[in-house]
Amino acid sequence: MPEPSGDASVVALVPAAGRGVRLGADAPKAFVAVGGVPMVRLAVDGLLASGAVDRIVVMVPPEFVAGAVALLPPSDSVDVVVGGAERTDSVRAGIAAAPNASYYLVHDAARALTPPALIARVAAELRAGHPAVVPALPVVDTIKSVDAEGVVTGTPERARLRAIQTPQGFAADLLRAAYAADLVATDDAALVERLGARVRTISGDPLAFKITTPLDLRLANTLLGHPAGLS
Ligand code: C5P
């Protein structure tokens, strides 16, 4: 891990405060084990292995702060803070804990298998001068919009759609400005887009999938060669 580099530091913010209702586990999703290791630990290990991050701030539910400190690698570069009710609140708490960063990488704990090389590529694009960088993959399904009754209202051209992953990288001033407005979004780039900023996509990685459903958990365990994935 590089030494913190003063005014050019890269701080990774790891939202891990979700309740993980869709996973159906009895612990918050980030604390569910994949291949025998809690997702949040895998995500932090991946960030450390990328060699591209100076500091990591992990946002967790209030009652999980001590537990997170215990399971994360002991390092002066890794901090745990309390997250919030919405993902946006958790990221805002992370920004507040690292106000002097030059760049932020916002990376979901639930994307526990993200290859370190993808993290390094996002950081390199930021350092090359792109203010907002997100990994993206083509979508395989046709996507439709629907109204409140579930009736289809439109079919965007599939070739122009992308599934967006994390880490999402931002020049720190830009992300701070995006979070100054009290808005809620399902990803950070959406807040930055509202400021009119140009968001660059780079090629994502299928292994950066978000572990959300029981099927995702089985897939992740299988990829790590763990018996829980094979039942
Ligand atoms: O709910 P979703 O799958 O979008 O969550 C993505 C990531 O955001 C997860 O790692 C989850 O722990 C985190 N999150 C959070 N605070 C919340 C809700 C979600 O840190 N209030």
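Since this is a predicted model, take the numbers as computed values, not measurements.

Draft legend 1. Main features of the overall build of the protein chain. Along the backbone of the protein chain there are 7 helices and 12 strands. Its C-alpha atoms give the protein chain a radius of gyration of 17 Å, near enough to 17 Å, the size a compact globule of 231 residues would have. Once the C-alpha set of the protein chain is aligned to its principal axes, its extents read approximately 50 × 45 × 30 Å. Within the protein chain, the proportion of its 231 residues that are buried is 45%. Counted over contacts in the protein chain with a minimum sequence separation of 6, partners at least 24 positions apart contribute 69%. Summing over all exposed atoms, the protein chain offers an accessible surface of approximately 11,000 Å²; the carbon and sulfur share of this is 56%.

Draft legend 2. View of the UniProt feature "site: Transition state stabilizer" (unreviewed entry) in the protein chain. Cross-referencing UniProt, the feature "site: Transition state stabilizer" (unreviewed entry) maps to Arg22 and Lys29 in the present numbering. Mapped onto the secondary structure, Arg22 falls in the loop between strand S1 (10-15) and strand S2 (33-34). A relative accessible area of 59% means that Arg22 is categorised as exposed. Apart from residues no more than four positions distant in its own chain, Arg22 is found in contact with Thr212, Thr213 and Pro214.

Draft legend 3. How the structure looks around the packing of aromatic side chains. Considering all chains together, one arrives at 1 aromatic pair under this definition. Measuring from centroid to centroid gives 4.7 Å for Phe31 and Phe64, while their planes differ by 40°, and the two rings are tilted. Residue Phe31 is found in the loop between S1 and S2, and its partner Phe64 is found in the loop between strand S4 (55-60) and helix H2 (65-71); the two are separated by 33 residues along the sequence. Take Phe31: its relative accessible area is 13%, and that puts it in the buried class.

Draft legend 4. Focus on the site of the ligand. Near the ligand there are 15 residues, and of these Pro15, Ala17, Gly84, Ala85 and Ser90 occur at the shortest range. The separation between an oxygen atom of the ligand and a polar side-chain atom of Lys29 is 3.1 Å. Between Glu86 and the ligand, the recorded distance is 3.3 Å, taken from a backbone N or O atom to a nitrogen atom. A total of 460 Å² of accessible area belongs to the ligand in isolation, and the protein chains cover 86% of it.

Draft legend 5. Layout of helix H4 (residues 116-127). Given a rise of 1.5 Å per residue, 12 residues ought to cover 16 Å, and the 17 Å separating the end C-alpha atoms of H4 matches this to within 8%. All of the buried residues along H4 are Leu118, Ile119, Val122, Ala123 and Leu126. One face of H4 carries all of its buried residues, which in axial projection span an arc of 135°. Those residues of H4 that are buried are in contact with helix H1 (39-50), strand S6 (103-106), strand S7 (132-138), strand S11 (168-171) and strand S12 (200-203).

Draft legend 6. Examining the UniProt feature "site: Positions MEP for the nucleophilic attack" (unreviewed entry) in the protein chain more closely. Taken from the UniProt record, the annotation "site: Positions MEP for the nucleophilic attack" (unreviewed entry) applies to Arg158 and Lys210. With respect to the element layout, Arg158 can be found in the loop between strand S9 (152-154) and strand S10 (162-164). Taking relative accessible area as the criterion, Arg158 reaches 41% and is therefore assigned partly exposed. With residues near it in sequence (within four places) discarded, Arg158 still touches Val139, Val140, Asp141 and Thr142. For Arg158, the side chain forms a polar contact with the main-chain oxygen of Val140, separated by 3.0 Å. Within the fold, Lys210 resides in the loop between S12 and helix H7 (214-223). When neighbours within four sequence positions are excluded, Lys210 is seen to be in contact with Lys29, Asp108, Ala110, Arg111 and Asp216.

Draft legend 7. Broad picture of the nonpolar core. With 29 residues, the main nonpolar core has Val40, Val53, Ile56, Val58, Leu72 and Leu105 as its most contacted residues. Taken together, the elements giving at least two residues each to this core come down to S1, H1, S4, strand S5 (78-82), S6 and H4. Residues contacting Ile56, with those up to four places away along its chain left out, are Ala12, Val14, Val44, Leu47, Leu48, Ser77, Val78 and Asp79. Judged by nonpolar contacts, the second largest core, of 23 residues, contains Ala101, Phe170, Leu174 and Ala189.

Draft legend 8. Just the confidence of the model for the protein chain, in detail. Taken as a whole, the protein chain shows an average pLDDT of 93; of its residues, 96% reach a score of 70 or greater. Across residues 3-7, where pLDDT falls below 50, the model places 5 contacts with residues more than four positions away in sequence or in other chains.

Draft legend 9. Region of interest: the pattern of salt bridges. This model, assessed by the stated rule, comprises 10 salt bridges. Of the charged contacts in the structure, one is a salt bridge between Asp173 and Arg176, with a shortest N-O distance of 2.8 Å. Here the residue Asp173 and the residue Arg176 both occupy positions in helix H5 (residues 172-180), the gap between them amounting to 3 residues, near one helical turn. For Asp173, a relative accessible area of 58% gives the class exposed. By relative accessible area, which is 26% here, Arg176 ends up partly exposed. Here the salt bridges share partners, and the residues they tie into one network are Arg87, Asp108, Arg111 and Asp188.

What counts as what
Residues numbered from 1 in each chain as written. Predicted model: local features only at pLDDT ≥ 70, side-chain atom pairs only at ≥ 80, totals over all residues. Heavy atoms only, no water. Helix = DSSP H or I, 4+ residues; strand = E, 2+ residues; numbered from the N terminus. Rg over C-alpha atoms; globule rule 2.2 N^0.38 Å. Buried < 20%, exposed > 50% of the residue type's maximum accessible area, 1.4 Å probe, protein only. Contact = heavy atoms within 4.5 Å. Areas by Shrake-Rupley, 256 points an atom, 1.4 Å probe, with all protein chains shown as cover. UniProt positions renumbered as here; feature names shortened; annotations may be inferred. Phe/Tyr/Trp six-rings, centres within 6.5 Å; stacked < 30°, edge-to-face > 60°. Near = heavy atom within 4 Å. Polar contact = N/O pair within 3.5 Å; in protein donor to acceptor, adjacent residues only side chain to side chain. Expected span 1.5 Å × (residues − 1). Arc of directions from axis to C-beta. Core = buried A, V, L, I, M, F, W, Y, C linked by side-chain atoms within 4.5 Å. pLDDT = per-residue confidence, 0-100. Salt bridge = Lys/Arg side-chain N within 4 Å of Asp/Glu carboxyl O.

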